[in-house]
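Residue strings, one per chain:
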Amino acid sequence: MAISATSTSLNKEQREQAWEDFGKEHYDMVIIGGGSVGAGTALDAATRGLKVAVLETRDFAGGTSSRSSKMFHGGLRYLAMLDFRLVAEGLRERELSMSGLAPHLVKPLKFIFPLEHRIWQRPFMASGFMLYDLMGGAKSVPMQKHYTRKGMLKLSPGLKEDALVGGVRYFDTLVDDARHTMTVLRTAAEFGATIRPSTQVVDFEKDGDRITGARIVDTDSGRTTTIHGSVFVNATGIWNDEIEKLAGVEGKFHVHTSKGVHIVVPKSVLPGDVALTFVTEKSVLFVIPWGEYWIIGTTDTDWTMNLANPAPTRADIDYILEHINAKVKRQITYDDIVGVYAGLRPLVAGSSDSTTNLSRNHAVARVTPGLVSVAGGKYTTYRVIGADTVDAAKEDIPFDVPDSVTTDVPLLGADGYHALANQIPQLAKRLGISEKTVDHLLNRYGSLIYEVLAPADKDKSLLEPIPGAPAYLMAEALYAATHEGAAHLEDILHRRMRLAMEYDHRGVECAEAVSKLVADTMGWDEKARKEEIKVFTDRVEAQKKAEKELTDESANKIEASVEDTRPDVDTSQDR
């Protein structure tokens with residue numbers, strides 16, 4: 001399925017049209033938040049025939065939804081918590097995305113779980129993995145397989161021999177979280193949703209207790225307008241409590257934030273291709289293959305400071321290095337690290353008996369007429385969370401709302417993907433690029449590959465690699481601006497392409513060439529283009545400095561000292 005340039009609000013002209021529409025149209029549902037939950041809710045609502053608007057303060061997936069461990073997983077560790085419902089739900093959704101909804105984005109990934117104890121651990125883990133397989137974990141991928149120490153070292157020769165006595169192989173999946181969320185939003189736009197980044201809610205309008213409108217600010221220009229709708233959905237995740245305070249309502253649950261940090265290192269530092277899972281005293285440590293790199297994480301610590309830019313610290317990185325180096329032969333050092341990122345988990349704590357424990361389950365509540373809040377959950381179950389949210393919002397919509405159909409709605413790029421994946425050699429010859437590049441493009445855009453490369457028919461330079469990032473084409477950077485809703489240089493380098501985590505220059509060496517390429521499309525004059533580079537570069541340098549600090553407080557101070565791409569409007573006044 002292709003998408004026409006006039007059917008979405010995901011480029012500069014369409015953002016302008018969306019702003020005009022927001023000020024004069026009445027929507028059935030206005031969703032605040034363009035992360036995975038907001039995206040899933042938008043797609044669910046749009047495919048039920050609702051008139052939908054999505055307001056994102058920053059960039060799509062600009063917060064938690066671009067900073068995960070890059071997996072759709074069934075939640076194997078939740079079996080130990082006896083949360084069978086959550087595991088079964090996760091496995092069902094993982095299978096649905098991998099096999100039908102997004103096979104171009106969600107890929108099967110082989111894991112091994114090293115065993116450290118000879119007698120009790122293997123039968124204990126075997127029973128857990130068997131339950132995992134029977135609940136749906138082995139529907140389209142192989143069931144668990146057990147290995148001796150020798151067999152494990154063949155799969156992952158970089159492991160220390162004394163770090164394991166054997167192991168178990170199982171499967172989960174790999175996904176580019178930011179790209180997936182953006183694609184869900186584009187698919188919602190294909191079904192009529194109006195979607196706009198750089199749009200912050202700063203106040204609400206009420207008729208008695210009912211929320212009827214929201215005052216919004218364009219964070220790029222400073223202009224304001226008011227949007228009206230039958231129901232507003234607070235899908236802001238870690239900002240949930242702030243939005244409820246802004247609305248002057250007491251929520252049914254509260255969100256606590258937990259920081260998770262990952263490091264990115266070259267593939268060469270750890271021989272092998274399979275993902276690894278270790279359990280530490282505080283968290284689960286994953287080692288995830290990511291192209292030519294490994295993503296290693298995560299941590300799990302409380303965070304109470306800057307929600308937009310949580311700062312990784314030297315203490316976080318030391319924790320990861322300490323635990324991975326206890327397991328591998330070749331010790332990983334700071335010099336090996338090419339990227340670091342920190343994300344915040346929205347953990348739900350309830351104010352009623354039904355949601356009293358800190359949880360990774362999602363919670364949905366109608367907190368006042370016209371306002372529904374949703375938070376928590378796992379990225380894997382974004383579709384279920386969206387459907388539950390629309391069901392909860394139906395009470396405020398003045399007509400009968402059909403049932404959810406998103407189990408049967410493939411994301412953009414999914415239709416035709418498998419056929420194209422069988423034609424890589426032929427496609428490479430036809431398109432004039434390498435087979436490796438075709439594979440790269442198919443696994444990012446699926447059947448939209450022709451749309452991505454269409455401008456190269458007239459400008460062959462778009463088939464050249466991006467300077468400083470040879471894995472990506474110039475055409476991809478342009479496509480991010482023309483079709484994928486990028487409004488700033490940071491959006492392109494951080495989330496449409498993952499240059500800031502895949503190269504040790506963090507995208508800085510790409511900024512000049514990419515900014516020149518997209519300047520006309522973005523409407524930047526030379527002054528604006530240079531300002532985009534400066535803001536991006538300053539933020540990169542601030543994070544690199546923060547990574548050397550030992551405490552959250554000192555790292556946060558450094559992060560907060562530089563200008564943000566989209567500065568927040570202050571809404572913290574007493575109400």
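Residues numbered from 1 in each chain as written. Predicted model: local features only at pLDDT ≥ 70, side-chain atom pairs only at ≥ 80, totals over all residues. Heavy atoms only, no water.

**Let's talk about the confidence of the model for the protein chain**
Mean pLDDT over the protein chain: 92, with 94% of residues reaching 70 or higher. The low-confidence segment residues 1-9, where pLDDT is below 50, has 31 contacts with residues more than four positions distant or belonging to other chains. Contacts of residues 352-359 to residues separated by more than four positions or lying in other chains number 14 contacts, the stretch itself having pLDDT below 50. (pLDDT = per-residue confidence, 0-100. Contact = heavy atoms within 4.5 Å.)

**Quick look at the nonpolar core**
With 72 residues, the main nonpolar core has Ile288, Leu453, Ile466, Ile492 and Leu493 as its most contacted residues. Among the elements that line this core, the one with the most residues is helix α14 (residues 474-482), at seven residues. Each of domain 2 (108-174 + 256-349) and domain 3 (417-560) accounts for three or more of the residues forming this core. Each residue touching leucine 453, except ones within four places of it in the same chain, is listed here: Leu431, Ile433, Leu441, Leu463, Leu473 and Ala475. (Core = buried A, V, L, I, M, F, W, Y, C linked by side-chain atoms within 4.5 Å. Buried < 20%, exposed > 50% of the residue type's maximum accessible area, 1.4 Å probe, protein only. Helix = DSSP H or I, 4+ residues; strand = E, 2+ residues; numbered from the N terminus. Domains from an automatic or database assignment.)

**A look at the pairing of strand β8 (residues 210-218)**
Here strand β7 (residues 199-207) runs beside β8; their pairing, made up of eight bridges, is antiparallel. Looking at β8, one finds that valine 201 is bridged to isoleucine 216. Between the end of β7 and the start of β8, which pair antiparallel, lie two residues, with glycine 208 showing a positive phi angle near 70°. Bridging between β8 and strand β9 (residues 224-234) involves five bridges; their strand directions are antiparallel. Across the sheet, residue glycine 213 finds its bridge partner in β9, namely histidine 228. Where β8 folds back on β9, the antiparallel hairpin that results is connected by five residues, among which glycine 222 adopts a positive phi of roughly 85°. (Pairing = 2+ DSSP bridges.)

**Description of the pairing of strand β12 (residues 284-290)**
With seven of seven residues buried, β12 lies mostly within the body of the structure. Residue alternation in β12 divides its side chains into two sets, Val284, Phe286, Ile288 and Trp290 and Leu285, Val287 and Pro289, and both sets are buried. In this sheet, β12 lies alongside strand β11 (residues 275-279) in antiparallel orientation, the contact comprising four bridges. When the sheet's bridge partners are listed, valine 279 is paired in β12 with valine 284. Counting the residues in the hairpin turn of β11 and β12 gives four residues. Taking the residues that link successive antiparallel strands as the turn, the β12-strand β13 (residues 293-297) hairpin has two residues, and the phi of glycine 291 there is positive, at about 60°.

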